[in-house]
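Fold and contact review
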Amino acid sequence: MTTSPPASARTSPELLAPAGSLQMMRTAFAYGADAVYAGQPRYSLRVRNNSFDKLDALAAGIDEAHAAGKAFYLVSNIYPHNSKVRSFLADMEPVIALKPDALIMADPGLIMMVRERWPEVAVHLSVQANTTNYAAVRFWASVGVERIILSRELSLDEIEDIRQACPDMELEVFVHGALCVAYSGRCLLSGYFNHRDPNQGTCTNSCRWDYKVHEANEDGSGDLHASGKGSPDAAGSALGGGARHEASSRVYLLEEGTRPGQLMPIEEDEHGTYILNSKDLRAIEHIERLVAIGVDSLKIEGRTKSPYYVARASQGYRRAIDDAVAGRPFDLRLLGELEGLANRGYTDGFYQRHHTPEHQNYMRGHSESGRSLFVGEVLGVDPASGLAEIEVKNGFGIGDRLEFVQPQGNIIAPLERLENLEGEALGRIPGAGRRVRLPLPAGAQADAPCFIARLL
């Protein structure tokens, strides 16, 4: 275990947040992020939900970040085939001219091309490169890489070993967001099922689909054919009777060949079963250790998620970092606040080995939020009525306890007034797709970003 240095000797790591749009970038900065990362058109592993798909959008984001004293990293971490290699330098010329603070890259060939053509440009090595040891860190340092984003598969002790062996290299780790069932994203499921290659930026998250169990029969040629429809009798027969069946769900026990006697439950409900579905990463309880180790940047995953997600995550991790640097103990309430974000159950991943709870989510594929539900975003305040105009995201109504999430702090207050844009009183709004007005609670800042959650 790392011996924590005195608070006066600790330095604050960078809080790095995702930005799939200008709004997400602005939200991340408002709620405490020091830097953002955004995907580059054609060469990023996130082509979906990326508003930075044109040069003018990238220019606006980079200029705005620099004006605010923040950093803007551009993700160019694709593993390209030859056609994209041929066009890479020409496509990068106008991008480099925008002066992003660093390129996040994975492919050695593209890194070599950038280092030869633009040696002044900082390169950060993507997590896709699977850096798991100090020897690899030293290699990348030898070719001019300035920062290594370490593999998600490392423990806290392994990260500390790398820091001790490579004191001059900037290190970055993921602390929050989705985890991949494959080794740091090197998966072929999406490419196999529908020809959208994850390693080319078009992953359809096939590991989060529902999968059903069918009994299989072997024909005379040795080919397998499904003979049942996943019925309880067929599945029970296939598993030698080791299955429990209920009206609302079915649980099957799987046994891995090298672990005899260790039975793994897989639940199948009316939606399917989720044997490839990882829980989401939440490592906020390890921030104090990561600060003590001397990690330079703590990263939140989620470029395809919402501004509300980046607001809550950035706010929580900002507080955890500031507490750790100041020598204050970890605030357990932060765990509960992050439960309010959409998630598939949380795990701290590989940071600590041999946890009792599994980090694999076999039971469900839907998102679960245990503490609160995002219900609306404040668009502005009507000068005539003094009421805030809300874009509704989920249902809420009179009597609900609402949490108003702002950069300067959150306020919880009961909702006592709600009306439509015509000034007519409402008791409840059933769901998204409408705009309403309500009063902001005392202490809320009308000119600051504000998201609203309903406490459950």
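A few points on the structure. Note that the structure is predicted; figures quoted are calculated from it, not measured.

1. Things to note about the packing of aromatic side chains
- As enumerated under the stated definition, the model contains 7 aromatic pairs in all.
- Plain terms: the ring middles of Tyr-31 and Phe-451 are 6.1 Å apart, the flat faces sit at 50° to each other, and that makes the pair tilted. Of this pair, Tyr-31 sits in the loop between helix H1 (22-30) and strand E2 (35-39) while Phe-451 sits in strand E23 (residues 451-455), and the two are 420 residues apart along the sequence.
- For the cation-ring pair, Arg-152 lies above Phe-174, with the distance from its terminal atom to the ring centre recorded as 4.0 Å.

2. Concerning the pairing of strand E4 (residues 102-105)
- Every second residue of E4 is oriented toward a common face, with Ala-102 and Ile-104 on one face and Leu-103 and Met-105 on the other, all of them buried.
- Bridge analysis of strand E3 (residues 71-76) against E4 gives 4 bridges, and the strand direction is parallel. Note on E4: the bridge partner recorded for Val-75 is Ile-104.
- Once the chain exits E3 it traverses helix H3 (residues 82-96) before rejoining the sheet at E4, and the crossover so formed is right-handed.
- Relative to strand E5 (residues 123-125), E4 runs parallel, the two sharing 3 bridges.

3. Thoughts on the side chain of Ser-76
- For Ser-76, the location among the structural elements is in strand E3.
- Of note is the side chain of Ser-76, whose polar atom sits 3.1 Å from the side chain of Gln-40.
- Setting aside residues up to four positions removed in sequence, Ser-76 forms contacts with Gln-40, Tyr-43, Phe-88, Ile-104, Met-105 and Ala-106.

Each value, and the rule that gives it
- Counting starts from 1 at the beginning of each chain's written sequence and moves along it residue by residue.
- Only residues with pLDDT of at least 70 get local features here, since the model is predicted, and only at 80 or more are side-chain atom pairs given and counted; chain-wide, interface and lining totals rely on the full set of residues.
- Side-chain metrics rest on all non-hydrogen atoms present in the structure, leaving aside hydrogens and water.
- Stacked, edge-to-face and tilted are the three classes for Phe, Tyr and Trp ring pairs, Trp counted by its six-membered ring, which pair at centre distances within 6.5 Å; planes under 30 degrees apart are stacked, over 60 edge-to-face, the rest tilted.
- Secondary structure elements are defined from DSSP: runs of H or I of at least 4 residues count as helices, runs of E of at least 2 residues count as strands, and each element is numbered from the N terminus.
- By the criterion adopted, a ring carries a charge over it if an Arg CZ or a Lys NZ lies within 6 Å of its centre and within 35 degrees of its normal.
- Residue exposure (1.4 Å probe, protein chains only): buried if accessible area is under 20% of the type maximum, exposed if over 50%, otherwise partly exposed.
- Should DSSP find at least two bridges between two strands, the strands are regarded as paired.
- If you view a crossover with the strands going away from you and the path from the first strand over the helix to the second runs clockwise, you call it right-handed.
- Identification of polar contacts relies on pairs of N or O atoms within 3.5 Å, with a donor-acceptor requirement for protein atoms, meaning one able to donate a hydrogen and the other able to accept it, and with residues adjacent in sequence counted only if both atoms are side-chain atoms.
- Throughout, a residue-residue contact means that at least one pair of heavy atoms, one from each residue, lies within 4.5 Å.

The analysis is restricted to geometry; functional conclusions fall outside its scope.
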